[in-house]
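Below, each chain spelled out in residue letters.
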Amino acid sequence: MDINQFVLEPTEDNLKRYERVKNGSRYWHTADFWLCDSRFESEFEDIFDVYLDLLMADDEADEATAAHKIGFSTGRMLVKAARASGISPRDYRDQFNNYTMVIWTPICIWTKDEAGYFNYSLRSNL
């Protein structure tokens, strides 16, 4: 897993702290591990809405071309918002990605493999 400053490391302590149990299933909220600054949430919401509008309105036959156009437009919005907020575009983008990940998949299932590394599975529900 690629850990950046906006992802809380899945240590034993963090997993115990944020663990939830429902009907015998252990799970975690994605928002507890993929972080974003709450000051930017309304901006993220607006950018995400524009992204969805672009996605739904696109009638490009070539999927790769459509993805490139939408990604470029979204990227421009992210850079502009990052500059206005006074943070690096990369940090802003990472937080935006976390925001969208939490929206699409609010439930996280953590597992530990035989080598002792934590892996995750993100889900929209249990």
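Up top is the structure these notes are about.
Residues numbered from 1 in each chain as written. Predicted model: local features only at pLDDT ≥ 70, side-chain atom pairs only at ≥ 80, totals over all residues. Heavy atoms only, no water.

Caption draft 1: Region of the structure containing a negative patch on the surface. On the surface, Glu 41, Glu 45, Asp 46, Asp 49 and Asp 53 cluster together into a negatively charged patch. Tracing the sequence through the fold places Asp 53 in helix α2 (residues 41–57). Residue Asp 53 is classed as exposed on the basis of its relative accessible area of 53%. (Patch = residues over 30% accessible without salt bridge, like charges linked within 9 Å, V, L, I, M, F, W, Y side chains within 5 Å. Areas by Shrake-Rupley, 256 points an atom, 1.4 Å probe, with all protein chains shown as cover. Salt bridge = Lys/Arg side-chain N within 4 Å of Asp/Glu carboxyl O. Lys, Arg positive; Asp, Glu negative; His and termini not counted. Charge placed at Lys NZ, Arg CZ, Asp CG, Glu CD. Helix = DSSP H or I, 4+ residues; strand = E, 2+ residues; numbered from the N terminus. Buried < 20%, exposed > 50% of the residue type's maximum accessible area, 1.4 Å probe, protein only.)

Caption draft 2: Structural context of the nonpolar core. Within the largest apolar cluster, 10 residues are counted, these being Phe 40, Phe 44, Ile 47, Phe 48, Leu 78, Ala 81, Ala 82, Tyr 92, Phe 96 and Tyr 99. Of all the secondary structure elements, the ones that give two or more residues to this core are α2, α3 (63–85) and α4 (89–104). Sequence-distant contacts of Tyr 92, that is, excluding residues within four places in its chain, are made with Phe 40, Glu 43, Phe 44, Ile 47, Leu 78, Ala 81, Ala 82, Ser 85 and Ile 87. Counting 8 residues, the second largest nonpolar core, distinct from the first, contains Val 7, Trp 28, Phe 33 and Trp 110. (Core = buried A, V, L, I, M, F, W, Y, C linked by side-chain atoms within 4.5 Å. Contact = heavy atoms within 4.5 Å.)

Caption draft 3: Examining the sheet that holds strand β4 (residues 118–123) more closely. If you walk across this open sheet you meet the 4 strands as β1-β2-β3-β4, and the pairing is antiparallel. Of all the strands in the sheet, just β1 (20–22) and β4 have a single pairing partner and so form its edges. Each strand of the sheet is rotated relative to its neighbour by a mean of 45°, with strand direction disregarded. Sheet analysis places β1 next to strand β2 (residues 25–29), joined by 3 bridges and oriented antiparallel. By the bridge assignment, Lys 22 is partnered in β2 with Ser 25. (Pairing = 2+ DSSP bridges. Axes fitted to C-alpha atoms, helices over the stretch in contact; angles between N-to-C directions.)

Keep in mind these values describe shape, not function.
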